[in-house]
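Each chain, written out:
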Amino acid sequence: MVIVEGEEEHEELIPGLPDEIAEICLLRVPYPYQPLVRSVSSSWNRAISNPSFLLSKKNFSRKLSNPQLFVLGFHTVTSKLQWQSLDPSSNRWFILPQMPLPNDTVCSTSFASASLQTQGKIFFMRGTSTIVYRTVVNKWSTASGMISEKSYFAAEEVNGRIVTVGKSGTEIYDPEDDTWRRGAKFPGELERYETVVNGGKIYVTEGWWWPFAVRPRGWVYEISSDTWREMSEGMKDGWAGESVSVCGKVFMIPDVDLPMKVYDENTDTWRCVNGERLPRDKVKKPFVARGLDDRIYVASLGLKVVVGTVVDDDVCGLMVTWQVLDAPEGFGEFSPCSCQVVYA
């Protein structure tokens with residue numbers, strides 16, 4: 001249908017269907033193919049780029065999409081950084097566009113990444129820069145820069161906001177109005193930052209360092225009250241691996257070949273989890289991990305991925321089983337820096 005001169009031309013999204021129904025069809029196009037439908041027609045391009053479509057995608061992301069693993073890899077030969085995405089259900093990889101950073105190599109300034117799971121966004125921060133990847137359009141764009149330049153810091157998503165923690169303090173990003181604000185002063189300085197988010201809190205520690213002469217330090221940040229407190233002794237002393245949040249609990253993958261552990265807040269202890277151990281013959285260091293719902297995603301050297309499923313059995317208690325997903329041979333020279341799991 002063409003409108004008379006002076007009005008906008010209206011082209012049906014899908015001939016014979018009301019636009020409201022057609023938009024629901026477009027919402028169901030899976031990642032990473034949704035950005036490709038922009039090239040089908042100008043009407044589809046306008047529909048997918050419309051803020052109302054992006055809002056619908058955000059509101060229904062868990063119903064209409066599957067979790068995707070996004071891995072930031074460091075190429076050991078070229079020193080380049082590159083994001084890749086894996087669909088665990090099909091074991092298919094997808095290379096993201098290059099991040100819009102000048103001289104994108106690993107340098108003296110460290111970096112951090114975080115994600116908004118229900119909005120399909122990944123945030124990458126380095127120096128004072130913040131850039132964001134939107135899965136629905138397969139594009140990177142620039143967001144507001146951080147208040148102070150960062151060196152040696154970590155970033156996590158807490159209750160829909162991005163929180164950075166480091167020597168320069170605590171900063172909080174609100175994606176709704178694209179603004180940063182300062183949070184409570186970080187009470188200490190760490191040699192490195194190991195973090196996990198659970199129950200609206202960020203747990204931060206430096207872990208154990210050889211030769212283990214000094215006990216690790218650690219703190220807990222609660223965003224609702226903007227306060228820091230010292231981490232409990234049992235949690236600090238037992239934190240010796242990569243930690244993730246799954247099923248409302250903090251789990252730890254030990255640095256050595258031991259069973260995975262889960263933190264018990266009531267007793268301030270780490271206890272072993274039943275089931276299978278991490279398949280160390282497939283997972284080579286360095287590796288990074290991220291939890292979502294009842295799954296643990298681990299990406300290791302060569303971007304080989306294993307996915308653990310956590311089950312809380314009434315008889316056997318917490319158990320985990322692992323699925324191995326082999327990576328393409330071309331990824332052999334990539335070392336993982338970080339990973340995010342997003343409903344794309």
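The paragraphs below set out a description of the structure included in this document. No experiment lies behind these values; they were computed from the predicted model shown. (Residues numbered from 1 in each chain as written. Predicted model: local features only at pLDDT ≥ 70, side-chain atom pairs only at ≥ 80, totals over all residues. Heavy atoms only, no water.)

### Regarding the overall build of the protein
When you go through the protein residue by residue, the secondary structure sums to five helices and 25 strands. Taking 2.2 N^0.38 as the reference for a compact globule, 344 residues should give roughly 20 Å; the C-alpha atoms of the protein span a radius of gyration of 22 Å, in line with that estimate. Projected onto the principal axes, the alpha-carbon positions of the protein cover approximately 80 × 45 × 45 Å. Within the span of the protein, comprising 344 residues, buried residues form 50% of the whole. Accessible surface for the protein amounts to roughly 16800 Å². Of this, 51% is attributable to carbon and sulfur atoms. Across the protein, the 36 positively charged side chains and the 44 negatively charged ones have centroids separated by 5 Å. (Helix = DSSP H or I, 4+ residues; strand = E, 2+ residues; numbered from the N terminus. Rg over C-alpha atoms; globule rule 2.2 N^0.38 Å. Buried < 20%, exposed > 50% of the residue type's maximum accessible area, 1.4 Å probe, protein only. Areas by Shrake-Rupley, 256 points an atom, 1.4 Å probe, with all protein chains shown as cover. Lys, Arg positive; Asp, Glu negative; His and termini not counted. Charge placed at Lys NZ, Arg CZ, Asp CG, Glu CD.)

### Quick look at empty space enclosed by the protein
Tallied over the entire structure, the rule returns two cavities of 30 Å³ or more. As a volume, the largest cavity reaches approximately 40 Å³. Around the largest cavity, the lining residues are Ile253, Pro254, Leu258, Pro259, Met260, Glu276, Arg277, Leu278, Arg280 and Trp322. Within this model, the second largest cavity holds a volume of roughly 30 Å³. Together, Tyr31, Gln34, Pro35, Lys57, Thr135, Val136 and Ala344 line the second largest cavity. Taken together, the residues that form the lining of the second largest cavity break down as four nonpolar, two polar and one charged. (1 Å grid on protein atoms, 1.4 Å probe; cavity = no way out; pocket = protein on both sides within 12 Å on 5 of 7 lines; lining within 4 Å. Points joined across faces, edges and corners; volume = space filled by probe spheres on them. Nonpolar A, V, L, I, M, F, W, Y, C, P; charged D, E, K, R; others polar.)

### A look at the packing of aromatic side chains
Across all of its chains, the model carries 16 aromatic pairs by this definition. A ring pair is formed by Tyr173 and Trp180, whose centres lie 5.1 Å apart and whose planes are at 45°; its orientation type is tilted. When sorted by exposure, Tyr173 lands in the same class as Trp180, which is buried. On the basis of an interplanar angle of 75° and a centroid distance of 4.7 Å, the ring pair of Phe186 and Trp228 is categorised as edge-to-face. Here Trp228 lies in strand β15 (residues 227–230) and Phe186 lies in the loop between β11 (179–182) and β12 (194–198), a separation of 42 residues in the sequence. One aromatic cluster is present, formed by Tyr31, Phe70, Trp83, Phe94, Tyr133 and Trp140 through successive ring pairs. (Phe/Tyr/Trp six-rings, centres within 6.5 Å; stacked < 30°, edge-to-face > 60°.)

### Some words on the pattern of salt bridges
A full pass over the atoms with the stated rule returns 14 salt bridges. The partner of Glu206 in a salt bridge is Arg217, and the shortest N-O contact between them spans 2.9 Å. With Glu206 in the loop between β13 (201–205) and β14 (218–222) and Arg217 in the loop between β13 and β14, the pair connects residues that are eleven residues apart, well separated along the chain. A relative accessible area of 34% places Arg217 in the partly exposed class. (Salt bridge = Lys/Arg side-chain N within 4 Å of Asp/Glu carboxyl O.)

### Details of the sheet that holds strand β1 (residues 67–75)
Strand order in the open sheet formed by four strands is β3-β2-β1-β25, and the pairing between neighbours is antiparallel. Every other strand in the sheet has two partners, leaving β3 (92–95) and β25 (334–343) as the edge strands with one partner each. Each strand of the sheet is rotated relative to its neighbour by a mean of 25°, with strand direction disregarded. Relative to β3, strand β2 (residues 81–87) is paired through four bridges, and the arrangement is antiparallel. Within β3, the position partnered with Ser85 by the bridge is Phe94. (Pairing = 2+ DSSP bridges. Axes fitted to C-alpha atoms, helices over the stretch in contact; angles between N-to-C directions.)

### Examining the packing of helix α2 (residues 42–49) against helix α3 (residues 51–59)
At a minimum axis distance of 5 Å, the contact between α2 and α3 shows a crossing angle of 60°. With respect to α3, the element α2 is oriented oblique. Side by side, α2 and α3 meet where Ala47, Ile48 and Ser49 of the first sit next to Pro51, Phe53 and Leu54 of the second. (Parallel < 35°, antiparallel > 145°, perpendicular 65-115°, else oblique. Contact = heavy atoms within 4.5 Å.)

### Some thoughts on the side chain of Ser61
Structurally, Ser61 is set in helix α4 (residues 61–64). On the basis of relative accessible area, Ser61 is assigned to the buried category, the value being 3%. Ser61 has contacts with Thr118 and Tyr343, leaving out every residue within four places of it along the chain.

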